[in-house]
Structures are given as structure tokens and as C-alpha cells.
Amino acid sequence: MHHSFWDKHSHINSIIHRLDCRVKIIVFTLLLLAIVTTPGQDLIRFLLFGTVIMLIIFLSRLPLIYVLKRSLIVIPFVLLIAFFIIFFNGTEVVSSFNIGRFKINVYREGLLVFQNVLCKSWLSVLCLLILAESTEFNYLLKGLEKLRFPRIMILVISFFYRYVFILIDQLDRMRHAVESRGFKAKLARRIKILGSMIGWLFISTYDRAERVYMAMLSRGFTGHIHSFRKFKIGQTDIIFSLVLLSLILYIRIGVF
Amino acid sequence: MQNIIDVKNLSFSYPDGTVVFKNIDLTVSDGESVGIIGPNGAGKSTLLMLLDGLIDTHNGQIIISGMPMNKKHIPGIREKIGFLFQDPDDQIFMPTVFDNVAFGLANKNISEEDIKEKVTRILNYIGLPNHEKRLANHLSFGQRKLVSLASVLVMEPDIFLLDEPTSNLDRRERRIIIEFISKLEGQAKIIISHDYDALQQLCSKIIIMGDNQILYSGDKKVLSDDAFLNKCKL
């Protein structure tokens, strides 16, 4: 296993890292809500939310390039979902061009939807990344537990975090096994082999996951999450949340 | 000496009906060290999982430290047992070395200070000092095996179930693991291994499993009896 864990920057010493986990979860959730409820055409508000997020990244001392790079993970999904809306959704044509015999129109309404989806999803992913990267995973789960988040959901997240690496690991091994035998095939056979690989991947990771679960049980796991971090809301937590919530409220309902 | 593990008429079959073993009896006394050998698929690892209550579908009786294996006693039984899995990657599921070693202690609700002290002590003991913050997935296979062993040792169990503790290790790592196991003199140990030299050093009694049963239970001299081992398909 040579992949990194998601919370690999959680040990940095910064004001954001030191905040009580519950405060962070609540403030970031409110920030997310403010972002997703902002009207799509309101580019200035999105820019202001982006500035706030950059400020939090700066305070958290997380590597900016790393966070930005990871946040780009959302782009393919946005393109897949929203890109084609530009050409099909709307009545007001902004521009048009030809592909062969076909005339393609770019609609203003479609562009707005695209801008809306892109800004909201990218800013939301940035928020979640800061939260995940600045908080030790077990502490985050414990925080959710303290906030009365459903236990079954916490366990699902906890197991997902543990097992996703097993899945990646297994996938890597299978890829190496295939490549080491000089695998070359036409598309139809490739798809067939890929299908078999996915089937086998699930069977083998299921077995592995069973053994990991057994190892957890053998060391007394009963479904409760343990974290060594203390839960204490101090002055910094109160000041940080008040400042940030005021900013969020001002950006969300202020007149620009 | 008092029996710490008492197994009577234990049978186990897979859900498809394939019999793994049938009506086996096994006793291990306090402080005794028992080696189990047998061909692959003889049910050695399954037996260890049954002893730790990790598989609950079986026929027969299992008594650990006077507690019969049932839902009520399983948590108590698991507190008595330290299980080292064959593949350390099954046992390492937390990000850092500290988190992995501390996992079992945290489940026992031991105070944070005590956990830190115990983890530091055990990591020093196994030769991985100052490794607390290291990401476990960046360690070598041998180091991961040592971390797995540390995560079991730190629980201070009365019984050790060790599944292939020396497999896939280089000579030095193998020697280190054998040294640590041999120092566990007061506790009962069941060791599954294909490493007969290690079993010679660590065990006083050998059990040979095969053909759905226990083929031999007795002195470790059997490990040098090639004719008998061949007869047992070993």
C-alpha cells in the first residue's frame, strides 16, 4: 500500500486544525448551505465565497497547490453533467458555430446553469477538502457522533475510509498482474476482461474486508469510534465561528 | 496445569457443506506453547478464528479461560486473546503506526495517557522507536508485521493465536519475531506455521491437522520424522 490517507495534513499545527471539530463541522456546513443556495447568476457572491475559502486555506497552512489540485476532481463530473446544457438549454443565443453540417448554438441560460453548477460544486468540494484535510479522520467521526449524526452513517463512512484503500490496493495488484503478462487486446475483448476483473475485484476485496473486520473485532471493536483529541469549545472557536458566520451571512444576504 | 483452552467435538463446514474438520478435541494449558501444522486448506486458520469467536457457526464446545464460547462471553474471550493475522495488511487499517497499535487499547476505554505510555513502550520494545506518527502504509512488510505484533502484544493477552508469524520475512526479521514470541513465557500460545525450525524453538507440543481431523497431537520430535510427515501429506 503506497497511497496516501485523506487526512494526511491533519497533523499540521494551525488555528483551523486546532478548532473544535464540532465547530468546524457546523461552520463548514453553513458555508456549504450558503454557497448552494446562492443564485446561479450571482458571480460576485461566488467570488467572495471563494475569497473566504482561500483565507481559510491560508489560515489552515494547507498546501494551496495540493488543495487546488485535489479540488479539480470535481471538474470531469461537472463537465459530464452540465457541459451539454450550454448547447441545449435556453432561448437566447449568445454565439453559434458549425460542426460539419450541424449548427450548434450556445445559449445564455445554458451558460448560466453551467456557471452555477461549476461554481457551487467546486466551492463545495474546496470546503469539504479543507474540513477533511485539517481534521484527523477519527476526530471528525467522533465530532459527527457528538453532533448526533446517525451512527449507522458514521460506521458506513468509517468503513468506507478503511476499505477504499483495500479496493485501490487490490486494483493496483490486478493491473500489475495484467500488465506483467503484456496484455494487449481489441476493445471488445478488453471490455470483457475488464468486466471479469471488476467481478473478481469485488469478490477479493469482500474477502479482504471480512478479514479486516475480523481483525478489528479481535481487538475489541464494538462499533464505537475512539479519538484521543479532546472536545472543548474555547475562545478561539467562538471568535472564529462568529467572524466566519458574519462573513457568510453578509456575503449571502448583503447587497452588492 | 489448568486448561486455558478446551475444545471438544468441534466441527466446522463451509455453507456449501464442505467439511473442514470434524469432531476435533484440543486442550492447551496455561503457559503452554502449541504448534499447528498441516497442508493448506486443513482448517488451521479457521480453527484460530473459531477460538477467537470470529466465526460463530460451528458444532461442538469451545471453552476459553473457563468461559464457554457464546454471544455473552465473546467480548470477555476476545480480551483474553491476542490474534496475529497471517497478512499484516489485514490488521493494519488505521493511518498511523500509533493509531494501529492504540486501536485495541482505545476499545478497552483505557485513559489517553496510559495508551500513549503503553504504545511508546511497546514500539521501543519491538525496535520501532519514534515511529508513532509514521504512516503505516509506508512501512516495509517486515515493519508492518512488527506493528501487527505490537498491536497484539500491547493488549497484554493471556493467550496468543499466531497465524504464520514468520511467513514472508527476511532472515533478520524472522529472527526478531521468533525472539519476541519466545519471550512470551507466561502466556499460552497456538502458532500456525510451515516454518518447522521456528516451531522447534517455540513449541513444546505439535498438532498435525489434515483429512478433516487431528492426525497427531504430541511431542515436537515429530517435526523431524520425515516419514510420518510425508504420510500426513506434509
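Residues numbered from 1 in each chain as written. Chains lettered and ligands numbered in written order. Predicted model: local features only at pLDDT ≥ 70, side-chain atom pairs only at ≥ 80, totals over all residues. Heavy atoms only, no water.

Asks: Run through the overall build of chain B, naming residues and quoting values.
Replies: Along the backbone of chain B there are nine helices and ten strands. Taken against the 2.2 N^0.38 rule, which gives 17 Å for 234 residues, the C-alpha radius of gyration of chain B at 18 Å falls within 12% of a compact globule. In terms of principal-axis extent, the alpha carbons of chain B reach across some 50 × 40 × 40 Å. Across the 234 residues that make up chain B, the buried fraction comes to 56%. (Helix = DSSP H or I, 4+ residues; strand = E, 2+ residues; numbered from the N terminus. Rg over C-alpha atoms; globule rule 2.2 N^0.38 Å. Buried < 20%, exposed > 50% of the residue type's maximum accessible area, 1.4 Å probe, protein only.)

Asks: Run through the pattern of salt bridges, naming residues and quoting values.
Replies: Per the counting criterion, the structure on display carries 16 salt bridges over all chains. The partner of B:Asp90 in a salt bridge is A:Arg211, with the nearest N and O atoms 2.8 Å apart. One end of the pair, B:Asp90, is in helix α3 (residues 88-91); the other, A:Arg211, is in helix α10 (residues 187-218), on a second chain. Judged by its relative accessible area of 3%, B:Asp90 falls in the buried class. Three or more residues joined by partner-sharing salt bridges are found here, namely A:Arg208, A:Arg211, B:Asp89, B:Asp90 and B:Arg144. (Salt bridge = Lys/Arg side-chain N within 4 Å of Asp/Glu carboxyl O.)

Asks: Describe the sheet that holds strand β4 (residues 59-64) of chain B, naming the residues involved and giving the relevant values.
Replies: Whenever strands of a sheet pair, they do so through backbone hydrogen bonds, lying parallel or antiparallel. Residue and element names in this part refer to chain B. The strand order across the open sheet built from four strands is β2-β1-β4-β5, with neighbouring strands paired in antiparallel fashion. Both outer strands of the open sheet, β2 (19-29) and β5 (67-68), are each paired with one neighbouring strand and no more. Pairing between strand β1 (residues 3-13) and β2: seven bridges, direction antiparallel. Bridge pairing in β2 places Asn3 opposite Ser29. (Pairing = 2+ DSSP bridges.)

Asks: So, a nonpolar patch on the surface: which residues are in play, and what are the values?
Replies: All names here are of chain A. On the surface, Leu55, Phe58, Leu59, Ile239, Val243 and Leu247 cluster together into a nonpolar patch covering about 560 Å² of accessible area. Where the nonpolar patch is concerned, the elements lending two or more residues are α3 (43-60) and α11 (235-253). Within the secondary structure, Leu59 sits in helix α3. Note on Leu59: relative accessible area 32%, which makes it partly exposed. (Patch = residues over 30% accessible without salt bridge, like charges linked within 9 Å, V, L, I, M, F, W, Y side chains within 5 Å. Areas by Shrake-Rupley, 256 points an atom, 1.4 Å probe, with all protein chains shown as cover.)

Asks: So what's going on with the sheet that holds strand β10 (residues 213-219) of chain B? Which residues, and what values?
Replies: Residues and elements named next belong to chain B. Strand order in the open sheet formed by six strands is β6-β7-β8-β3-β9-β10, with mixed pairing between adjacent strands. The open sheet is flanked by β6 (81-84) and β10, the only strands paired with a single partner. Neighbour-to-neighbour, the strand axes of this sheet turn through a mean angle of 15°, independent of strand direction. Of the pairings in the sheet, the one linking strand β9 (residues 205-210) to β10 comprises six bridges and is antiparallel in character. From the neighbouring strand, Lys205 faces β10, where its bridge partner is Asp219. (Axes fitted to C-alpha atoms, helices over the stretch in contact; angles between N-to-C directions.)

Asks: Give a detailed account of the domain arrangement of chain A, specifying residues and quantitative values.
Replies: On domain assignment, one finds that chain A holds domain 1 (1-136 + 229-256) and domain 2 (149-228). Of note, the centres of domain 1 of chain A and domain 2 of chain A, computed from C-alpha atoms alone, are 29 Å apart. (Domains from an automatic or database assignment.)

Asks: For the nonpolar core, give the residues involved together with the corresponding values.
Replies: All names here are of chain B. One finds Ile5, Phe21, Leu51, Ile64 and Ile190 to be the most contacted residues of the largest nonpolar core, which totals 48 residues. Setting aside its immediate chain neighbours within four residues, Ile5 contacts Leu26, Thr27, Val28, Leu51, Ile63, Ile64, Ile159 and Ile190. Leu146, Ala150, Leu202 and Leu229 belong to the second-largest nonpolar core, a separate cluster that totals 45 residues. (Core = buried A, V, L, I, M, F, W, Y, C linked by side-chain atoms within 4.5 Å. Contact = heavy atoms within 4.5 Å.)

Asks: Give me the lowdown on α11(A), citing residues and values where you can.
Replies: Residues and elements named next belong to chain A. Spanning 19 residues, α11 covers 27 Å between terminal C-alpha atoms, matching the ideal 27 Å at 1.5 Å per step. Within α11, the full set of buried residues consists of Asp237, Phe240, Ser241, Leu244, Ile248 and Ile251. One face of α11 carries all of its buried residues, which in axial projection span an arc of 105°. Opposite its buried face, α11 presents the exposed residues Gln235, Ile239, Leu242, Leu249, Tyr250 and Ile253, each directed more than 90 degrees away. Looking at the buried positions of α11, the neighbouring elements they touch are α1 (15-18), α2 (21-36) and α3. (Expected span 1.5 Å × (residues − 1). Arc of directions from axis to C-beta.)

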